[in-house]
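Residue-level structural notes
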Amino acid sequence: MLKLSDVLEAISGQKIPQASLVISEAVIDSRQAIPAALFVALRGERVDGHDYIADAFQRGASLALVDRDPGADFRVLDLTAPGEISLPQPPFCLKVADSLTALQTIAKFWRAKFPVKVIGITGSVGKSSTKEVVAELLSMRYRTLKNLGNLNNEIGLPLTLLRLSAGYQRAVLEMGFYVPGEIAFLCELARPSIGVVTNIGTVHAERAGSQEEIARGKSELVQSLPADGVAVLNYDDPFVRPMAEQTNAKVLFYGLDPAAHLWADEINGLGLKGISFNLHYRREVIRMRIPLIGRHSVHTALRAAAVGLADGLSWSEIVTGLQSSQNQLRLMAVRSENGALLLDDTYNASPESTLAALNLLEELEGRKIAVLGDMLELGQYERQGHEMVGARAAVVADQLIALGERGKIILEAALRSGFPKNRTLWVESVESATEHLRKILSEKDVVLVKGSHGMRMDRIITALEAGS
């Protein structure tokens, strides 16, 4: 386990064997502090972690990483001052030049101590579901670490690396991207040998830029791979396929095109029972039926299978792992009080993920109601993305409820595509959408609720769910 001596050596370069204090875990939220934790005090836009040092210590934290004077109430070991290190009695603060940089430095130092093989995963859509399925698949043979939740950025990934121990043989790490150089930096910390790129979409384009700029950012993963590594690339994505020319690693293409190394056909959506398809690799053809829902999930399965092949798993392990997968996309299916099926896909939304959710809705029996809200942070793709969704909703849905200002674009596009106006409704609030659904829902209805997290459309599900 991580010790104070490791922290001190990483930051100061000095070996202090007597600093034998064991650190249970690193946290940035004082409410998550447990006995022997390292609390990292970070300054955010609205909250300064330095204001919560006392709370972290009260909850059992032994150390706090700080970059300003924490006040007279706390013992401090100042690592910014030259001289011999003298250890205070815990709990105490470690003062550094910058708390975040120190966290990252410690994580890089700690990761380098272990021969663990790291699988890095990036892309616009499908990172989290791919991470979950890949981690579950590799766990068939190896003890595997993965990011918790969406800890995939310059803060979350270092926190994940600090959970490494000698028992782990694999680490599956989701890597997010907002600015050029971010993934390259995460790769410098994590040192992946297998890299997976899911796709290049328009999600976060407001911050990340055009699809070309997003592709350049995501390609930093494959550029960081060693010559004996493997780049697992989506052959079907025109922005991902050229990344094969940007890596020294071996390339393993997956997709629906027979030109890919690993490909699938005869895909059948089985509604909430999963999907079935033929899996092709070299001369092997395997008929698969797996519990992942939605036809688009075949790409998730292909990525996981490709990582399994790259990491030496047998076909038996890969097939068994995929068929027994307990993981799903963030979409959840629940029942309303009157028995209607509610598809809760409210965690976030992009044009790509919303189209995939609509495709799942199409597979299910019953009157199909699409409740679609604003998709945020699309930048220059905002109108195009919402229009694509509206056109698809016109084909799939029997009724369309649009929420938010951008929801108007969805509704207008659906009407232009020939969707009957008397089966549409625009609302400006979650409460209005909920009230309307209460009036029209029947037992045989299937309702897709999807929008960006900032729209808080999860409140519609909460209000309608049976037992709420």
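What this report covers is the structure whose coordinates are included nearby. From a predicted model like this one, the values you see are computed outputs, not experimental measurements.

Describing the sheet that holds strand E20 (residues 445–450)
The six strands lie next to each other as E15-E16-E20-E17-E18-E19, forming an open sheet whose pairing is mixed. The outermost strands of the open sheet, each flanked by one partner alone, are strand E15 (332–335) and strand E19 (424–427). Ignoring which end each strand starts from, the neighbouring axes of this sheet average 20 degrees apart. Where E15 and strand E16 (residues 341–345) come together, four bridges link them in antiparallel fashion. Paired with Ala 333 across the bridge in E16 is Leu 343.

Notes on unusual backbone geometry
Cis rather than trans, the peptide bond between Pro 90 and Pro 91 has omega equal to 0 degrees. Inspection of the secondary structure puts Pro 91 in the loop between strand E4 (76–78) and strand E5 (92–95). For Ala 36, which is not a glycine, the phi torsion comes out positive at approximately 75 degrees. Residue position: Ala 36 is located in the loop between strand E1 (26–27) and strand E2 (38–40).

Some words on the packing of aromatic side chains
A full pass over the atoms with the stated rule returns four aromatic pairs. With a centroid separation of 4.9 Å and 80 degrees between ring planes, the pair formed by Trp 110 and Phe 114 is classed as edge-to-face. The class of Trp 110 is buried, set by a relative accessible area of 4%. Residue Phe 114 is classed as buried on the basis of its relative accessible area of 13%. Directly above the ring of Tyr 168 sits Arg 143, whose terminal nitrogen or CZ lies 4.0 Å from the centroid.

Thoughts on the nonpolar core
Here is a general trend for soluble globular proteins: nonpolar side chains tend to be buried in one another's company. Grouped together as the largest cluster of nonpolar side chains are 62 residues, with contacts concentrated most on Leu 8, Leu 94 and Leu 233. If we ignore the near neighbours within four places in the chain, the residues touching Leu 233 are Val 197, Val 222, Val 240, Met 243, Ala 244, Val 251, Leu 252, Phe 253 and Tyr 254. Counting residues in hydrophobic clusters, the runner-up holds 39 residues, among them Ile 119, Ile 121, Val 196 and Ala 305.

Some remarks on the environment of Thr 346
On the secondary structure map, Thr 346 appears in the loop between E16 and helix H12 (351–363). The class for Thr 346 is buried, based on a relative accessible area of 6%. Here the alpha-carbon distance between Thr 346 and Ile 286, two residues 60 residues apart in the chain, equals 34 Å. If we skip the residues at most four places from it in the chain, Thr 346 touches Val 449, Gly 451, Ser 452, His 453, Met 457 and Asp 458. Only 2.6 Å separates the side chain of Thr 346 from the side chain of Asp 344, close enough to count as a polar contact.

Observations regarding helix H15 (residues 430–440)
Every buried residue of H15 is accounted for by Val 430, Ala 433, Thr 434 and Leu 437. In a view along the axis of H15, the buried residues occupy a sector of 100 degrees, so they form one face of it. Residues of H15 that are buried sit in contact with strand E17 (367–373), strand E18 (399–403), E19, E20 and helix H16 (458–464).

Digging into the sheet that holds strand E11 (residues 250–255)
Taken together, the nine strands give an open sheet; going across it, the order is E7-E8-E6-E9-E10-E11-E12-E13-E14, and neighbouring strands pair in mixed fashion. Edge positions in the open sheet fall to strand E7 (144–146) and strand E14 (284–290), since each of these has one partner strand only. In this sheet, neighbouring strand axes are inclined to one another by 20 degrees on average, regardless of whether the strands run parallel or antiparallel.

Details of the side chain of His 386
Looking at the element boundaries, His 386 is found in helix H13 (residues 382–396). Overall, His 386 belongs to the buried group, its relative accessible area being 0%. For His 386, the residues in contact, after removing those within four places along its chain, are Asp 374, Met 375, Leu 378, Arg 406, Ile 409 and Ile 410.

Some remarks on the pattern of salt bridges
This structure, assessed with the given rule, holds 25 salt bridges. Between Arg 406 and Asp 374 there is a salt bridge, with the nearest N and O atoms lying 3.2 Å from each other. On the criterion of sequence distance, the pair formed by Arg 406 in the loop between E18 and helix H14 (407–416) and Asp 374 in the loop between E17 and H13 is long-range, its members being 32 residues apart. It is possible to trace a salt-bridge network through shared partners that takes in Lys 131, Glu 132, Lys 146 and Glu 174.

Conventions and cut-offs
Residues numbered from 1 in each chain as written. Predicted model: local features only at pLDDT ≥ 70, side-chain atom pairs only at ≥ 80, totals over all residues. Heavy atoms only, no water. Pairing = 2+ DSSP bridges. Helix = DSSP H or I, 4+ residues; strand = E, 2+ residues; numbered from the N terminus. Axes fitted to C-alpha atoms, helices over the stretch in contact; angles between N-to-C directions. Phe/Tyr/Trp six-rings, centres within 6.5 Å; stacked < 30°, edge-to-face > 60°. Buried < 20%, exposed > 50% of the residue type's maximum accessible area, 1.4 Å probe, protein only. Lys NZ or Arg CZ within 6 Å of the ring centre and 35° of its normal. Core = buried A, V, L, I, M, F, W, Y, C linked by side-chain atoms within 4.5 Å. Contact = heavy atoms within 4.5 Å. Polar contact = N/O pair within 3.5 Å; in protein donor to acceptor, adjacent residues only side chain to side chain. Arc of directions from axis to C-beta. Salt bridge = Lys/Arg side-chain N within 4 Å of Asp/Glu carboxyl O.

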